Amino acid sequence: MHVSEGILTGPVLAGGAVLAAAGVAIGLRRMSVEATPRTAMLAAVFFVASLIHVPLGPSNVHLILNGLAGLLLGWSVFPALAVALLLQAMLFQFGGLTVLGVNTLLMALPGLLVYLALGRAVRGARTSAAVFAAGCAAGALSVALAGVLLTLALALGGRGFLGVAGALLAAHVPVMVADGLVTGFCVLLLHKVRPSALDPAGAEAPP
Amino acid sequence: MSCLGFLGGGSRVHRLDPRVRVASAALMSVPIALSTGLAVPAMALLAGLALASAARLPEAALLRRLGRLNLFVLFLWLVLPWSPPGPGAGPAPVEEGILLALAITLKANAIVLVFTALVATVAPADLGHALRSLGLPDKLVHVFLFAIRYTDVIHGEYERLRCAMKARAFLAKFNLHTLRTFGYLVGLLLVRSLDRAERVLAAMKCRGFDGRFRTLHAFAMRPADRVFLGAVLVATGGWMWMALA
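What you see is a predicted model, and the numbers here were worked out from it, not measured in a lab.

The next point concerns the interface of chain B and chain A. Between chain B and chain A, the contact holds 73 residues from the first and 67 residues from the second. Across the chain B-chain A interface, the total number found is 1 salt bridge. The salt bridge partner of B:Asp195 is A:Arg194, with a shortest N-O separation of 2.7 Å. At the junction of chain B and chain A, the tally comes to 3 residue pairs in polar contact (both at pLDDT 80 or more). Ranked by residue count, the leading element in the side of chain B that touches chain A is helix H8 (residues 176-206) of chain B, at 22 residues. Classifying every residue of the side of chain B that touches chain A gives 49 nonpolar, 12 polar and 12 charged.

Structure representation (structure tokens):
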């Protein structure tokens, strides 16, 4: 879910940058110095995970996993994804610095919202089925929210983009399915093997 | 996979102060992104081409990067000329859409060229230091530097796991089995990287890590840096004036 350079208008870019900067600032303030390696390592994992492609017909979709990032990182999802996107901009030029703010917001805000809405449900679920369901919901919902934000950003950009936005939104339905199920299974594994991974508030605070 | 593809080479661009390069790229991208006509994007594209040739970037890697970008631009060319200018508006003249698509093509390529020439030529550690001296908070710079350091490590782990999956005849398709396997794959990567983060933190604490950023070599502005920064400021000012006028 990326916007490339040169597509969005100035006000949208500036608004996205301001909101993303605020999110990053809050995330950094809540994150203790001891949590920096954890945040960075998870940023690197989500960057690598975005290289996983699921074949779909003649094409393929790549995983976004911003919901999973939210569940593991909490508010730190903002700095982590800002860094992951900066890396991506350096490595692949999927979207460079002028769109970094908007792209961070598109990915991190849904992750944060999903964490606030479903984090407790994922942590507190008693049965595997409940964990899986909450994880699936988190994964699919965060992709859908990102798609809505992307459409909004393109529509705010004014003219001509609604056709593209609609097509992009439709193209993200398979991503929602893939991301939702992958997030569900991943959360299921973490819940069994390392439940503390799903508690970012505990990891963020100083020991 | 490595972000070091554009690092080699002792061109004049590579010798500029990393802070100057990063700041210049950031400054130049503002008027390019804000401009509405074709003049600023066209001039920026020329500037980007000049910088890329001055940096003697490896052509193959640069073309690959531009190719990926222009794949998306091509998609816009297919859609934009035929879409209405806004919600509820009637069909616009095709020329308007074509002009818009042309402007986007110029802008996107210009920004990529400028950033590849100026930012991708900065070594990652220097980039972190440069970002910090440009005002980014220490914690964010640390996260950035750690992420650069461990992306290759985690990518290596990912490749090993994929290799093991391949050895067990795993074939990715759009089905539940694939998605379950990928879910466990990501989960395993996460567990291992969380363990690694703990080990790294322990090792850093052993060495007296207190959250402050230290570096062994300081940047120094040379006359060439001042001249370049001055030229960038003049160009950016002019473009800004043209973009807003």
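Turning to the nonpolar core, a few remarks are in order. When a protein is soluble and globular, its nonpolar side chains tend to lie buried together. Membership of the largest hydrophobic core comes to 119 residues, with the highest contact counts inside it found for A:Leu68 and B:Leu190. The greatest single-element share of this core, amounting to 12 residues, is contributed by H8(B). The residues contacting B:Leu190, other than those within four sequence positions of it, are A:Leu42, A:Val45, A:Phe46, A:Leu68, A:Leu72, A:Cys186 and A:Leu190.

Side chains that are three or four residues apart share a direction in an α-helix, a result of its 3.6 residues per turn. All names here are of chain A. Of all 8 residues in helix H3 (residues 66-73), 8 are buried, a share of seventy percent or more. Here H3 has its buried residues at Asn66, Gly67, Leu68, Ala69, Gly70, Leu71, Leu72 and Leu73. Residue Gly74 follows H3 closely and has a positive phi angle near 60 degrees.

Let's shift gears to a positive patch on the surface. A contiguous patch of positive charge on the surface is contributed by B:Arg12, B:Arg15, B:Arg56 and B:Arg222. With respect to the helices, strands and loops of the structure, B:Arg15 is situated in helix H1 (residues 12-15).

Our next topic: the confidence of the model for chain B. Here chain B shows a mean pLDDT of 85. Residues at 70 or above account for 92%. Mean pLDDT across the elements of chain B bottoms out in helix H4 (residues 59-79) of chain B (81) and peaks in H8(B) (94).

Residue and element names in this part refer to chain A. Across 4 bridges, strand E1 (residues 53-56) lies against strand E2 (residues 59-62) in antiparallel orientation. In the strand pairing of E2, Pro55 is matched with Asn60. With antiparallel pairing between neighbouring strands as the criterion, E1 and E2 make up a hairpin whose turn holds 2 residues, including Gly57 at a positive phi of roughly 60 degrees.

On to a nonpolar patch on the surface. Residues and elements named next belong to chain A. Taken together, the side chains of Leu113, Leu116, Leu141 and Leu145 define a hydrophobic patch exposed on the protein surface, amounting to about 340 Å² of accessible area. Of all elements in the fold, only helix H5 (100-124) and helix H6 (128-156) reach the threshold of two or more residues within the nonpolar patch. Judged by its relative accessible area of 40%, Leu113 falls in the partly exposed class.

Further remarks concern the pattern of salt bridges. All names here are of chain B. All chains considered together, the criterion is met by 5 salt bridges over all chains. With its nearest N and O atoms 2.7 Å apart, the salt bridge here joins Arg132 to Asp138. We classify Arg132 as partly exposed; its relative accessible area is 28%. By relative accessible area, Asp138 is classed as partly exposed at 22%. Each member of the salt-bridge network shares a partner with another, and the members are Glu157, Arg160 and Arg196.

A full pass over the atoms with the stated rule returns 3 aromatic pairs over all chains. Ring plane angle 80 degrees and centroid distance 6.0 Å describe the contact between A:Phe185 and B:Tyr184, whose orientation is recorded as edge-to-face. You can see A:Phe185 sitting in helix H8 (residues 173-193) and its partner B:Tyr184 sitting in helix H8, one on each of two chains. On the accessibility criterion, A:Phe185 (7% relative accessible area) is buried. Ring centres 5.6 Å apart and planes at 65 degrees place the aromatic pair B:Phe170 and B:Phe182 in the edge-to-face group. You can see B:Phe170 sitting in the loop between helix H7 (138-167) and H8 and its partner B:Phe182 sitting in helix H8, a full 12 residues away along the chain. Exposure class is identical for B:Phe170 and B:Phe182. Each is buried. Site record: aromatic cluster; members linked through ring pairs are A:Phe132, A:Phe185 and B:Tyr184.

With respect to the helices and strands, the residue B:Asp225 is situated in helix H9 (residues 223-244). Here B:Asp225 is buried and forms no salt bridge, its nearest opposite-charge partner B:Arg222 lying at an N-O distance of 4.1 Å.

About the criteria used
Residues numbered from 1 in each chain as written. Chains lettered and ligands numbered in written order. Predicted model: local features only at pLDDT ≥ 70, side-chain atom pairs only at ≥ 80, totals over all residues. Heavy atoms only, no water. Contact = heavy atoms within 4.5 Å. Salt bridge = Lys/Arg side-chain N within 4 Å of Asp/Glu carboxyl O. Polar contact = N/O pair within 3.5 Å; in protein donor to acceptor, adjacent residues only side chain to side chain. Helix = DSSP H or I, 4+ residues; strand = E, 2+ residues; numbered from the N terminus. Nonpolar A, V, L, I, M, F, W, Y, C, P; charged D, E, K, R; others polar. Core = buried A, V, L, I, M, F, W, Y, C linked by side-chain atoms within 4.5 Å. Buried < 20%, exposed > 50% of the residue type's maximum accessible area, 1.4 Å probe, protein only. Patch = residues over 30% accessible without salt bridge, like charges linked within 9 Å, V, L, I, M, F, W, Y side chains within 5 Å. Areas by Shrake-Rupley, 256 points an atom, 1.4 Å probe, with all protein chains shown as cover. Lys, Arg positive; Asp, Glu negative; His and termini not counted. Charge placed at Lys NZ, Arg CZ, Asp CG, Glu CD. pLDDT = per-residue confidence, 0-100. Pairing = 2+ DSSP bridges. Phe/Tyr/Trp six-rings, centres within 6.5 Å; stacked < 30°, edge-to-face > 60°.

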